[in-house]
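# Observations on the model geometry
Below are the chains, spelled out letter by letter.
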Amino acid sequence: GPDLPLPLDPPVEGPVKLIRQHTYQVQPDSERGRHHMGWDRTMMLSAEEIRFDTLGHRTERLHYRADSSLQARYVYTYDRKGRRTTERRYNLDDALTHTKRYSYSWVQPQAKAAVLAPDSTKKWREELKFNDYGLLSHKQVFGPDDKLNLEVSYRYDRKRRLISYEGVHTLTYRYLD
(Lines give C-alpha, C1' and ligand atoms only; values in the text may rest on other atoms or scores of the structure.)
Protein backbone atom coordinates (compact mmCIF):
# COMPACT_ATOMS: atom_id res chain seq x y z
CA GLY A 1 0.00 0.00 0.00
CA PRO A 2 0.96 3.60 0.52
CA ASP A 3 3.67 2.90 3.12
CA LEU A 4 5.80 0.77 0.82
CA PRO A 5 9.11 2.22 -0.32
CA LEU A 6 9.50 2.69 -4.04
CA PRO A 7 11.40 -0.48 -5.01
CA LEU A 8 13.31 0.74 -8.04
CA ASP A 9 16.52 -0.91 -6.89
CA PRO A 10 17.11 -4.64 -6.73
CA PRO A 11 17.01 -5.90 -3.15
CA VAL A 12 20.45 -6.21 -1.62
CA GLU A 13 21.34 -8.22 1.45
CA GLY A 14 23.31 -6.75 4.33
CA PRO A 15 24.58 -3.23 4.91
CA VAL A 16 25.62 -2.34 1.35
CA LYS A 17 27.24 1.08 0.97
CA LEU A 18 28.57 0.89 -2.58
CA ILE A 19 28.10 -1.22 -5.72
CA ARG A 20 30.47 -0.96 -8.69
CA GLN A 21 29.58 -2.48 -12.04
CA HIS A 22 31.73 -2.58 -15.16
CA THR A 23 30.58 -3.55 -18.66
CA TYR A 24 33.23 -5.01 -20.95
CA GLN A 25 33.39 -5.90 -24.61
CA VAL A 26 32.70 -9.57 -25.38
CA GLN A 27 35.29 -11.28 -27.58
CA PRO A 28 35.68 -14.84 -28.92
CA ASP A 29 37.84 -16.87 -26.55
CA SER A 30 40.71 -18.07 -28.78
CA GLU A 31 41.81 -20.73 -26.28
CA ARG A 32 38.37 -22.37 -26.12
CA GLY A 33 37.35 -22.09 -29.78
CA ARG A 34 35.28 -19.73 -31.86
CA HIS A 35 31.93 -20.64 -30.26
CA HIS A 36 33.06 -19.60 -26.75
CA MET A 37 32.91 -15.97 -25.72
CA GLY A 38 34.82 -14.25 -22.95
CA TRP A 39 35.00 -10.78 -21.41
CA ASP A 40 37.85 -8.66 -22.68
CA ARG A 41 38.77 -6.71 -19.54
CA THR A 42 41.01 -4.40 -21.55
CA MET A 43 37.95 -3.05 -23.41
CA MET A 44 35.65 -1.48 -20.82
CA LEU A 45 32.48 -0.06 -22.39
CA SER A 46 31.07 1.66 -19.32
CA ALA A 47 31.00 1.59 -15.54
CA GLU A 48 28.46 2.45 -12.88
CA GLU A 49 28.83 3.24 -9.21
CA ILE A 50 25.82 3.22 -6.85
CA ARG A 51 25.96 4.60 -3.30
CA PHE A 52 23.49 3.81 -0.49
CA ASP A 53 22.65 5.39 2.86
CA THR A 54 22.55 3.46 6.15
CA LEU A 55 18.89 2.52 5.54
CA GLY A 56 19.70 0.92 2.19
CA HIS A 57 18.28 3.71 0.01
CA ARG A 58 20.12 4.52 -3.19
CA THR A 59 21.51 8.04 -2.75
CA GLU A 60 23.66 8.50 -5.82
CA ARG A 61 24.37 6.73 -9.12
CA LEU A 62 27.34 7.63 -11.29
CA HIS A 63 27.70 6.54 -14.95
CA TYR A 64 31.18 6.52 -16.48
CA ARG A 65 32.22 6.25 -20.11
CA ALA A 66 34.78 3.79 -21.45
CA ASP A 67 37.55 6.36 -20.85
CA SER A 68 36.42 6.59 -17.17
CA SER A 69 35.09 10.12 -17.57
CA LEU A 70 31.80 10.91 -15.86
CA GLN A 71 28.81 10.77 -18.21
CA ALA A 72 25.92 11.37 -15.79
CA ARG A 73 25.17 11.63 -12.09
CA TYR A 74 21.82 10.87 -10.40
CA VAL A 75 20.93 12.03 -6.87
CA TYR A 76 17.93 10.60 -4.96
CA THR A 77 15.87 11.80 -1.98
CA TYR A 78 13.28 9.97 0.16
CA ASP A 79 10.45 10.81 2.54
CA ARG A 80 10.14 9.64 6.17
CA LYS A 81 8.38 6.47 4.99
CA GLY A 82 11.34 5.51 2.82
CA ARG A 83 9.61 6.33 -0.47
CA ARG A 84 11.65 7.95 -3.20
CA THR A 85 10.52 11.55 -3.68
CA THR A 86 12.97 12.89 -6.27
CA GLU A 87 15.59 11.83 -8.76
CA ARG A 88 17.83 14.55 -10.17
CA ARG A 89 20.03 13.88 -13.22
CA TYR A 90 23.16 15.91 -13.91
CA ASN A 91 25.25 15.77 -17.08
CA LEU A 92 29.05 15.51 -17.36
CA ASP A 93 29.35 19.26 -16.64
CA ASP A 94 27.26 18.74 -13.48
CA ALA A 95 24.39 20.77 -14.94
CA LEU A 96 20.87 19.60 -14.04
CA THR A 97 19.17 17.89 -17.02
CA HIS A 98 15.92 16.81 -15.35
CA THR A 99 14.12 16.24 -12.07
CA LYS A 100 11.77 13.30 -11.55
CA ARG A 101 9.15 13.86 -8.81
CA TYR A 102 7.19 10.90 -7.41
CA SER A 103 3.66 10.90 -5.99
CA TYR A 104 1.94 7.92 -4.37
CA SER A 105 -1.57 6.53 -4.31
CA TRP A 106 -3.17 6.15 -0.89
CA VAL A 107 -5.53 3.47 -2.22
CA GLN A 108 -3.57 1.18 -4.55
CA PRO A 109 0.07 0.03 -4.74
CA GLN A 110 1.02 2.45 -7.47
CA ALA A 111 2.88 5.70 -8.03
CA LYS A 112 3.30 8.37 -10.66
CA ALA A 113 6.41 10.26 -11.63
CA ALA A 114 6.59 13.55 -13.50
CA VAL A 115 9.89 14.31 -15.22
CA LEU A 116 10.63 17.99 -15.60
CA ALA A 117 13.33 19.92 -17.43
CA PRO A 118 15.30 22.54 -15.44
CA ASP A 119 12.81 25.19 -16.65
CA SER A 120 9.93 23.04 -15.21
CA THR A 121 8.51 21.99 -18.60
CA LYS A 122 7.28 18.40 -18.71
CA LYS A 123 9.67 15.99 -20.47
CA TRP A 124 7.73 12.77 -19.79
CA ARG A 125 5.75 10.98 -17.10
CA GLU A 126 5.64 7.46 -15.70
CA GLU A 127 2.97 5.29 -14.12
CA LEU A 128 4.31 2.59 -11.81
CA LYS A 129 2.50 -0.47 -10.38
CA PHE A 130 3.74 -2.79 -7.65
CA ASN A 131 3.16 -6.43 -6.78
CA ASP A 132 1.92 -7.77 -3.42
CA TYR A 133 5.46 -7.50 -2.01
CA GLY A 134 5.83 -3.84 -2.98
CA LEU A 135 8.20 -4.56 -5.87
CA LEU A 136 7.87 -2.71 -9.16
CA SER A 137 5.92 -4.95 -11.53
CA HIS A 138 4.87 -2.68 -14.38
CA LYS A 139 5.96 0.70 -15.75
CA GLN A 140 4.40 2.84 -18.47
CA VAL A 141 6.25 5.85 -19.88
CA PHE A 142 4.32 8.63 -21.62
CA GLY A 143 5.83 11.43 -23.70
CA PRO A 144 5.10 15.14 -23.25
CA ASP A 145 2.10 14.64 -25.56
CA ASP A 146 0.78 11.92 -23.16
CA LYS A 147 1.17 9.17 -25.76
CA LEU A 148 2.43 5.83 -24.47
CA ASN A 149 6.10 5.45 -25.48
CA LEU A 150 7.23 2.44 -23.48
CA GLU A 151 5.83 -0.38 -21.38
CA VAL A 152 8.02 -2.47 -19.09
CA SER A 153 7.20 -5.58 -17.03
CA TYR A 154 9.29 -6.93 -14.15
CA ARG A 155 9.20 -10.45 -12.63
CA TYR A 156 10.83 -11.70 -9.42
CA ASP A 157 11.73 -15.05 -7.86
CA ARG A 158 10.58 -16.30 -4.44
CA LYS A 159 13.44 -14.42 -2.78
CA ARG A 160 12.10 -11.23 -4.39
CA ARG A 161 15.06 -10.90 -6.74
CA LEU A 162 14.55 -9.58 -10.24
CA ILE A 163 14.48 -12.45 -12.77
CA SER A 164 13.19 -10.70 -15.91
CA TYR A 165 12.77 -7.29 -17.45
CA GLU A 166 10.67 -6.99 -20.60
CA GLY A 167 10.55 -3.64 -22.35
CA VAL A 168 12.50 -2.35 -25.33
CA HIS A 169 14.55 -5.51 -24.94
CA THR A 170 14.32 -8.53 -22.66
CA LEU A 171 16.77 -9.23 -19.87
CA THR A 172 16.76 -12.35 -17.73
CA TYR A 173 18.71 -12.87 -14.54
CA ARG A 174 19.90 -16.13 -13.02
CA TYR A 175 21.24 -16.43 -9.49
CA LEU A 176 23.74 -19.10 -8.50
CA ASP A 177 22.61 -19.77 -4.93
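Residues numbered from 1 in each chain as written. Predicted model: local features only at pLDDT ≥ 70, side-chain atom pairs only at ≥ 80, totals over all residues. Heavy atoms only, no water.

Further remarks concern the nonpolar core. Tyr 102, Ala 111, Leu 128, Phe 130, Leu 136, Tyr 154 and Tyr 156 are the most contacted members of the largest nonpolar core, which has 13 residues in total. Where this core is concerned, the elements lending two or more residues are β6 (96–104), β7 (110–116), β8 (122–130), β10 (148–156) and β11 (162–166). The element that contributes the greatest number of residues to this core is β10, accounting for 3 residues. When neighbours within four sequence positions are excluded, Ala 111 is seen to be in contact with Ser 103, Tyr 104, Glu 126, Glu 127, Leu 128 and Phe 130. (Core = buried A, V, L, I, M, F, W, Y, C linked by side-chain atoms within 4.5 Å. Buried < 20%, exposed > 50% of the residue type's maximum accessible area, 1.4 Å probe, protein only. Helix = DSSP H or I, 4+ residues; strand = E, 2+ residues; numbered from the N terminus. Contact = heavy atoms within 4.5 Å.)

On to the side chain of Arg 61, then. Mapping Arg 61 onto the fold places it in strand β3 (residues 58–65). Within the structure, the side chain of Arg 61 is placed 3.1 Å from the side chain of His 63, a separation counted as a polar contact. Excluding residues that lie within four positions of it along the chain, Arg 61 makes contacts with Glu 48, Glu 49, Ile 50, Ala 72, Arg 73, Tyr 74 and Tyr 76. (Polar contact = N/O pair within 3.5 Å; in protein donor to acceptor, adjacent residues only side chain to side chain.)

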